[in-house]
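Report on the structure
Chain by chain, the residues run as shown.
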Amino acid sequence: MHIGAVYPQIELRGDPGAVRRLGLAVEQLGFDHLLAYDHLLGAVHADRTPLLTGPFTEHDPFHDPFVMFAYLAAITERLQFATGILILPQRPTVLVARQAADLDLLSGGRLRLGVGIGWNHVEYEALGQQFRTRGARQEEQIGLLRQLFTEPVVDFSGRFDRVDRAALVPKPTHPIPIWLGGSSEAAFDRAARLADGFIFTGDDIAHTIDAWTRLRDRVRSLGRSVEDFGAEYVARPQGGPDDLTADIDAWRRAGGTHLSVVTMGLGLDSVDGHIDYLASVANALSLS
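Residues numbered from 1 in each chain as written. Predicted model: local features only at pLDDT ≥ 70, side-chain atom pairs only at ≥ 80, totals over all residues. Heavy atoms only, no water.

Some words on the overall build of the protein
- Along its length, the protein carries nine helices and 10 strands.
- At 19 Å, the protein has a C-alpha radius of gyration in line with the 19 Å of a compact globule built from 288 residues.
- Taking the principal axes of the C-alpha coordinates as reference, the protein spans close to 55 × 45 × 40 Å.
- Relative to its full complement of 288 residues, the protein shows a buried share of 52%.
- Long-range pairs, those at least 24 residues apart, make up 72% of the contacts in the protein with a sequence separation of at least 6.
- Looking at the protein as shown, the accessible area adds up to about 12800 Å², and 52% of this sits on carbon and sulfur atoms.
- In the protein, the 27 positive side-chain charges and the 37 negative ones have mean positions that sit 6 Å from each other. (Helix = DSSP H or I, 4+ residues; strand = E, 2+ residues; numbered from the N terminus. Rg over C-alpha atoms; globule rule 2.2 N^0.38 Å. Buried < 20%, exposed > 50% of the residue type's maximum accessible area, 1.4 Å probe, protein only. Contact = heavy atoms within 4.5 Å. Areas by Shrake-Rupley, 256 points an atom, 1.4 Å probe, with all protein chains shown as cover. Lys, Arg positive; Asp, Glu negative; His and termini not counted. Charge placed at Lys NZ, Arg CZ, Asp CG, Glu CD.)

With respect to the nonpolar core
- Judged by nonpolar contacts, the single largest core of 73 residues is most densely connected at Leu34, Leu113, Phe149, Phe198, Phe200 and Leu215.
- Sort the elements by how many residues they give to this core and helix H9 (residues 271-285) lands first, with six residues.
- Not counting residues up to four positions away in its chain, the partners in contact with phenylalanine 149 are Ala97, Ala100, Ala101, Leu168, Lys171, Pro172, Ile176 and Ile178.
- By size, the runner-up hydrophobic cluster in this structure holds 19 residues, among which are Val6, Ala82, Val122 and Tyr124. (Core = buried A, V, L, I, M, F, W, Y, C linked by side-chain atoms within 4.5 Å.)

Remarks on the pairing of strand S8 (residues 197-202)
- Most of S8 is tucked away: five of the six residues are buried.
- Looking at chain direction, strand S7 (residues 178-181) and S8 are connected through three bridges and run parallel. Looking at S8, one finds that tryptophan 179 is bridged to glycine 197.
- As judged from the six bridges shared by S8 and strand S9 (residues 230-235), these two strands associate in the parallel manner. Its bridge partner being in S9, phenylalanine 198 is matched across the sheet by alanine 231.
- Following the backbone out of S8, through helix H7 (residues 205-221) and into the adjacent parallel S9, one traces a crossover that is right-handed. (Pairing = 2+ DSSP bridges. Right-handed = clockwise from strand over helix to strand, strands pointing away.)

Overview of the packing of aromatic side chains
- Throughout the structure, instances matching the rule amount to 11 aromatic pairs.
- Pairing phenylalanine 200 with tryptophan 212 gives two aromatic rings, centres 6.2 Å apart and planes at 70 degrees, and the pair type is edge-to-face. Residue phenylalanine 200 is found in strand S8, and its partner tryptophan 212 is found in helix H7; the two are separated by 12 residues along the sequence.
- Judged by its relative accessible area of 4%, phenylalanine 200 is buried.
- Clustering of aromatic rings is evident, with ring pairs tying together Phe188, Phe198, Phe200, Trp212, Phe229, Tyr233 and Trp251. (Phe/Tyr/Trp six-rings, centres within 6.5 Å; stacked < 30°, edge-to-face > 60°.)

Some details on the pattern of salt bridges
- Tallied over the full model, the rule gives 19 salt bridges.
- We note a salt bridge from aspartate 164 to arginine 165, for which the minimum N-O separation is 2.8 Å.
- The shortest N-O distance in the salt bridge between glutamate 185 and arginine 218 comes to 2.1 Å. Taken together, the residues glutamate 185 in helix H6 (residues 185-194) and arginine 218 in helix H7 connect sequence positions 33 residues apart.
- Accessibility expressed as a relative area gives 42% for glutamate 185, which makes it partly exposed.
- Residue arginine 218 is classed as partly exposed on the basis of its relative accessible area, which comes to 24%. (Salt bridge = Lys/Arg side-chain N within 4 Å of Asp/Glu carboxyl O.)

A closer look at the pairing of S7
- Neither face of S7 is left uncovered, since the one carrying Ile178 and Leu180 and the one carrying Trp179 and Gly181 both have all their residues buried.
- The parallel pair S7 and S8, bridged by H6, forms a crossover whose chirality is right-handed.

Some thoughts on helix H2 (residues 65-75)
- Those residues of H2 not exposed but buried are Pro65, Phe66, Met68, Phe69, Leu72 and Ala73. The arc that holds every buried residue of H2, seen down its axis, measures 160 degrees, which confines them to one face. For H2, the exposed residues lying more than 90 degrees away from the buried face are Val67 and Ala74.
- Residues of H2 that are buried make contact with helix H1 (16-28), strand S2 (33-36), strand S3 (80-87), helix H3 (93-107) and strand S4 (111-116). (Arc of directions from axis to C-beta.)

This is the structure:
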């Protein structure tokens, strides 16, 4: 199983030096990948209709995953990069294709593209995209991304995008994995039909394993290979590395293929604190 870490965006306060230090440390400690969340804007939650239900506000800093990973690709050698998740429907599809292809090319094939639909309608409005159609748009975008990544010339006319006999050049040298994330039945259904894997989040490993079992059954019922379908658990430790080790063992037994360790929310107030915690995890798991 592949073990990674989540970049603790909101607790490193947008410090560019922390990006370098933590990225290098994650690789040196023996983790397989670094996962990053995506938000382009943080919005004020007060006096909103409809309400904003997600956890992040105007005070929480985020780096753009493509830009941050391109920087880290230049200073690391083997570390894989995963967007977990990129809010795909609020971004132009062709632009995502170009950015993802270039990141994968320049990193030597180290990108895993995790996508989802998000919850922040303020971001959608600011980016000129429709919030209410985001699920349908994501479905169309996934197919178009794969065409742009592989076909010599694309002639595509859909509900949301039109590409008139055009090509993405240069293309990635291999299929970029497209994973989905979320927690709804619609997300599970979409992933079973369209994705290469799924990113699960939550504090309850038993609940996550149950969701993974149900999703795996859906994949199998569609005639797709379960063995070729990935599953990542974004683990939020409730205690020390020993508690996390138990969750990792349970996830491995359930057939999980990836796990990312979240260090946010543990009271760590510096990049050194986050690195020290990840070092204790790496030591407990004998990663290096």
